[in-house]
Amino acid sequence: MRPMSRKVREAVEKYRSGRRKEAILQLVYLLSDRDERTRIEAIDFLGEFGDADVVDELARLTEREGVEVRVRVARALSKIGSPQALTHLEKFLDDEDGDVRLAAIKGIIHVSKGRSFDVLAKALGDDDERVRTAAMEALIKVASSFSDKLIELLKSDDWRVRAGAARVLGEVGEVRAKDELLRLLDDWDWRVRGEAAEALGKIADEEVVPYLGRMLREREAELRVSAVRALGLTRSPKAREFLEEALRDEDARVRFWAASALGSMGDEDAEDALVKALSDVDLQVKLAALKALSRVGGVKAARAVDPLRLHPEEKVRREAERALKAIALRHNVSVDEMLRRAEEG
């Protein structure tokens, strides 16, 4: 690690000895130093010292600098946290580089405490997924104050904004968004349809189950996965039939999530379908079915799981042992007694 430059160290020592104004002026002067590392060190300390008077000097620096310097300026402005710093950070959201925009949105969230709704809404449409994710996470924290605006974003012309708003509304379980989210199940963009489906699942309204079930006919496997996960999240008994249908899907990812969802729902009526899933050719589906049966299985499950304790795959053998123990525990008997009942049954 390169030691701090002598020039910057001198300025820092002055600051810490109480000669603060002199130190700040020296660091501002070093923003024009020929050595990039010296400029970066000066930026970092100006941010740490938090003097609002240097905001414009820092912002001007970005007009002629590379990505790393622009990122450091954004971070420094975030630490300073003045209204003027916030204004410059918002301008950074138009930077051509994703790293700079990410530093800017994080700074905006820090300075505004996540209350800059219009800025966060704009960031939902960013090309960089990291920026969009940061905006979504911030909006989730303040969603209760902006529910109506978030619902309105579901009508945006930008698919990224529609998808991001759907995710936020789903995370907070905003029931009033249900009708707009149902409309988005027919959106032209499959990613928006997927986010809308999962949001509806999190809202957990039984009325959405048939709409989610219809999505099992979607061409994109990713969408069918979203539908299956959403159906499981509803925890509605009406979802079981659709999830059992999904266990026969051509895509192993869909079958995996269907088995996992049936287990999470804890519906004992799914036992037969999950027992059939133990024969799945995909290892992950087989493991998911075993885990699900440990939650909902009975005598039939014990009978089907027992042979898997001799399966050639160690993971399957281990999961089969766990499943048998869990099934026996649920029925308040020993594993031997459970197997005896299975033989008799």
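Owing to the predicted nature of the structure, the values given are computational and were not obtained by experimental measurement.

1. Some points on the nonpolar core
(1) Moving on: One finds Leu27, Leu58, Ile105, Leu181 and Leu274 to be the most contacted residues of the largest nonpolar core, which totals 123 residues.
(2) Moving on: Ignoring any residue separated from it by four or fewer positions in sequence, one finds Leu58 in contact with Leu31, Ile43, Leu46, Val73, Ala76, Leu77 and Ile80.

2. Some remarks on helix 15 (residues 221–234)
(1) Moving on: Helix length check: helix 15 (14 residues) gives 20 Å between terminal C-alpha atoms against 20 Å at 1.5 Å per residue, within 8%.
(2) Moving on: Taking burial as the measure, the 14 residues of helix 15 include 11 buried ones, the bulk of the element.
(3) Moving on: By the burial criterion, the buried members of helix 15 are Ala221, Leu223, Arg224, Val225, Ser226, Ala227, Val228, Ala230, Leu231, Gly232 and Thr234.
(4) Moving on: Against the buried residues of helix 15 lie helix 13 (190–203), helix 14 (209–214), helix 16 (240–246) and helix 17 (252–265).
(5) Moving on: A positive phi of about 55° marks Arg235, the residue just after helix 15.

3. Some remarks on the packing of aromatic side chains
(1) Moving on: Summed over the entire model, instances satisfying the criterion amount to four aromatic pairs.
(2) Moving on: On the basis of an interplanar angle of 40° and a centroid distance of 5.8 Å, the ring pair of Phe45 and Phe49 is categorised as tilted. Of this pair, Phe45 and Phe49 both sit in helix 3 (residues 36–49), separated by four residues, roughly a single helical turn. The two residues Phe45 and Phe49 agree in class, both being buried.
(3) Moving on: For the pair Phe256 and Trp257, a centre-to-centre distance of 5.4 Å together with 80° between the ring planes defines the contact as edge-to-face.
(4) Moving on: Of the residues examined, Phe256 reaches a relative accessible area of 26% and is grouped as partly exposed.
(5) Moving on: For Trp257, a relative accessible area of 32% corresponds to the partly exposed category.
(6) Moving on: Chaining the aromatic ring pairs together yields one cluster made of Tyr15, Phe45 and Phe49.
(7) Moving on: The ring of Trp159 is capped by Arg191, whose NZ or CZ atom sits 3.7 Å from the centre of that ring.
(8) Moving on: Over the face of the ring belonging to Trp257 we find Arg229, whose NZ or CZ atom lies 4.8 Å from the ring centre.

Analysis parameters
- Position numbers for residues start from 1 in each chain and track the written sequence from start to end.
- Local features in this predicted model are restricted to residues of pLDDT 70 or higher, and side-chain atom pairs are both shown and tallied only at a pLDDT of 80 or more, whereas totals for entire chains, interfaces and linings draw on every residue.
- Calculated side-chain values reflect all of the structure's heavy atoms, with hydrogen atoms and water omitted.
- Nine residue types can take part in a nonpolar core, namely buried Ala, Val, Leu, Ile, Met, Phe, Trp, Tyr and Cys, and a core is a set of them joined through side-chain atoms within 4.5 Å.
- Any residue under 20% of the maximum accessible area for its type is buried, any over 50% is exposed, and the rest in between are partly exposed; the area is computed with a 1.4 Å probe on protein chains only.
- The contact rule is simple, with two residues in contact once any of their heavy atoms fall within 4.5 Å.
- For helices the rule is a DSSP run of H or I covering at least 4 residues; for strands it is a run of E covering at least 2, with both sets numbered from the N terminus onward.
- The span you would expect from a helix comes to 1.5 Å times its residue count less one.
- Note on aromatic pairs: the rings of Phe, Tyr and Trp (six-membered ring only in Trp) are paired at centre separations within 6.5 Å, and the planes decide the class, stacked below 30 degrees, edge-to-face beyond 60, tilted for the rest.
- Definition used: whenever NZ (Lys) or CZ (Arg) falls within 6 Å of the ring centre and also within 35 degrees of the ring normal, the charge is taken to sit over that ring.

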